[in-house]
Amino acid sequence: MRISAFLFSIVLLTLPFHGHASTKQEETRAFLKADKNGDKQLTKAEFRTFIRLLAAAGNAEAKRAVRYGELGFTIGFSNADANSNGLLTPKELERLRK
């Protein structure tokens, strides 16, 4: 069964971003490792790395995003990018934890 992008986005919007094994410290480590150029912002490509690192650490929502592939990354990035500038800051990602 295929899930439509619209339905998938509704489901993702209702889920918190944190998972059982993802602590603030793990998220910070993943952010710093994914931020290749050290500008304290994540591009879409760096966000994919960030999510993959969280999934590897056991974050349930990150694992779900990885399973959905490009659609999961795109929706997750769009939901986090509060100012729509194409870059994610730690503050934007923190907003998703609440």
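Up top you'll find the structure we're talking about.
The rules behind the values
Residues numbered from 1 in each chain as written. Predicted model: local features only at pLDDT ≥ 70, side-chain atom pairs only at ≥ 80, totals over all residues. Heavy atoms only, no water. Buried < 20%, exposed > 50% of the residue type's maximum accessible area, 1.4 Å probe, protein only. Helix = DSSP H or I, 4+ residues; strand = E, 2+ residues; numbered from the N terminus. Arc of directions from axis to C-beta. Contact = heavy atoms within 4.5 Å. Phe/Tyr/Trp six-rings, centres within 6.5 Å; stacked < 30°, edge-to-face > 60°. Core = buried A, V, L, I, M, F, W, Y, C linked by side-chain atoms within 4.5 Å. Axes fitted to C-alpha atoms, helices over the stretch in contact; angles between N-to-C directions. Parallel < 35°, antiparallel > 145°, perpendicular 65-115°, else oblique. Nonpolar A, V, L, I, M, F, W, Y, C, P; charged D, E, K, R; others polar.

*Asks:* Any chance you could break down helix α2 (residues 24-34) for me, citing the residues and the numbers?
*Replies:* Turning to α2, its buried residues are E27, A30, F31 and A34. Viewed along the axis of α2, the buried residues span an arc of 100°, placing them on a single side of the element. Along α2, the residues that are exposed and aim more than 90 degrees away from the buried face are Q25 and K33.

*Asks:* Mind laying out the environment of T89, listing which residues take part and the relevant values?
*Replies:* The topology assignment puts T89 in the loop between α5 (70-80) and α6 (90-97). Linking T89 and L42, residues 47 residues apart in sequence, is a C-alpha distance of 6.6 Å. Setting aside its immediate chain neighbours within four residues, T89 contacts F31, K40 and Q41.

*Asks:* Which residues make up the packing of aromatic side chains, and what values go with them?
*Replies:* Under the criterion given, the structure shown has three aromatic pairs. Seen from their ring centres, F47 and F77 are 5.6 Å apart, and the 75° between their planes marks the pair as edge-to-face. In this pair, F47 sits in helix α3 (residues 44-56) while F77 sits in helix α5, placing the two residues 30 residues apart along the sequence. On the basis of relative accessible area, F77 is assigned to the buried category, the value being 3%. Members of the aromatic cluster, connected to one another through ring pairs, are F31, F47, F50 and F77.

*Asks:* Summarise the nonpolar core; cite the residues concerned and give the values.
*Replies:* By size, the foremost hydrophobic cluster in this structure holds 17 residues, and its most contacted members are L42, F47, F50, I51, L88 and L93. Mapped by element, the contributors of at least two residues to this core are α2, α3, α4 (60-67), α5 and α6.

*Asks:* Which residues make up the packing of α3 against α5, and what values go with them?
*Replies:* Their axes nearest at 10 Å, the elements α3 and α5 cross at an angle of 110°. The angle between α3 and α5 falls in the class roughly perpendicular. Here K44, F47, R48, I51 and R52 of α3 lie close against α5, whose contacting residues are E70, F73, G76 and F77. For the contact of α3 with α5, the per-class residue count stands at four nonpolar, one polar and four charged.

Functional significance is not addressed by these values, which are geometric in nature.
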